[in-house]
Structures are given as C-alpha cells and as structure tokens.
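Fold and contact review
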Amino acid sequence: MRLLHGSNVEINEINLTKCHGHNDFGKGFYLTPSWQRAWEMGNRAKNKRGGNVWVTVFIFNPSLHSILLLY
C-alpha cells in the first residue's frame, strides 16, 4: 500500500520526537493515500513554518507490519 506524508521539510526517516503535538489527533506521524491531501498538508506546514512543500512516499506492508521509505 502506498502512503504519503506532506511536510515543509524533507523526511529521511520517521522520527516521532520531531512530531508536533497540535495536530488533529494529537502528536503523531500522519500518512494519507491521497497525493492531493499530502501536498495540501505540506503546503499548510510551509505556510506556518517556512521551507518548501515535500511529499514523501512510503510503502506499507500490513502483513509484515513494516514501512519502507521511498525517495
């Protein structure tokens, strides 16, 4: 399953210590299957904190309980 993360910074690894606590569902690393939604969230972060819009692609394998970061 392909999942996307939108941010104002490049993501090289998932690091929960860098997550902000003021998100809709609290502190966490949010992923979406929607390219448009990921870009919108990256743009929102860019407008709040500066930087650029970054959309990072992850592959999630539910049977292995693993996430692979793709560049």
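Right, let's walk through the structure included here. The structure displayed is predicted, hence computed values, not measured ones. (Residues numbered from 1 in each chain as written. Predicted model: local features only at pLDDT ≥ 70, side-chain atom pairs only at ≥ 80, totals over all residues. Heavy atoms only, no water.)

1. Focus: the pairing of strand E1 (residues 2–7)
Selection rule: Burial classification: accessible surface area is computed with a 1.4 Å probe over protein chains only, and a residue below 20% of its type maximum counts as buried, one above 50% as exposed, and the rest as partly exposed. Secondary structure elements follow DSSP: runs of H or I of four or more residues count as helices, runs of E of two or more count as strands, with numbering from the N terminus. Here, any two strands with at least 2 DSSP bridges between them count as paired.
Across the six residues of E1, five count as buried, placing the element largely inside the fold. Both E1 and strand E2 (residues 54–61) contribute to a ladder of six bridges, which runs antiparallel. Counted as the bridge partner of Arg-2 is Ile-59 from E2.

2. Focus on the packing of aromatic side chains
For the record, the criterion: We call Phe, Tyr and Trp rings a pair once their centres come within 6.5 Å, taking the six-membered ring for Trp, and we label the pair stacked below 30 degrees between planes, edge-to-face above 60, and tilted otherwise.
Evaluation of the coordinates by the stated rule reveals one aromatic pair. Judged by centre distance (5.7 Å) and plane angle (85°), the rings of Phe-29 and Phe-58 are edge-to-face. Of this pair, Phe-29 sits in the loop between E1 and helix H1 (35–49) while Phe-58 sits in strand E2, placing them 29 residues apart in sequence. The buried category is assigned to Phe-58, whose relative accessible area is 2%.

3. Observations concerning the pattern of salt bridges
For clarity, the cut-off: Salt-bridge detection follows one rule: a side-chain nitrogen of Lys or Arg within 4 Å of a carboxyl oxygen of Asp or Glu.
Summed over all chains, the structure comprises one salt bridge. Measuring nitrogen to oxygen at the nearest pair gives 3.9 Å for the salt bridge that ties Glu-40 to Arg-37. Of this pair, Glu-40 and Arg-37 both sit in helix H1, three residues apart, which is roughly one turn of the helix. We classify Glu-40 as partly exposed; its relative accessible area is 34%.

4. Digging into H1
Under the convention used in this document: In this analysis, the expected span of each helix is defined as 1.5 Å times one less than the number of residues it contains. Any two residues having at least one pair of non-hydrogen atoms within 4.5 Å are treated as being in contact. Two N or O atoms count as a polar contact when they lie within 3.5 Å, although within protein this holds only if one can serve as hydrogen donor and the other as acceptor, and sequence-adjacent residues are included solely when both atoms are side-chain atoms.
A rise of 1.5 Å per residue sets the reference length of H1, with its 15 residues, at 21 Å; its end C-alpha atoms lie 21 Å apart and thus fit the reference within 8%. Looking at the buried positions of H1, the neighbouring elements they touch are E1 and E2. At the N-terminal end of H1, a side-chain oxygen is found 3.4 Å from the backbone nitrogen of Gln-36, two or three residues along, and the residue is Ser-34. Following H1 by one or two positions, Gly-50 has its phi on the positive side, about 85°.

5. Points about the environment of Ser-34
Structurally, Ser-34 can be placed in the loop between E1 and H1. Residues Ser-34 and Asn-12, 22 residues apart in the sequence, show an inter-C-alpha distance of 20 Å.

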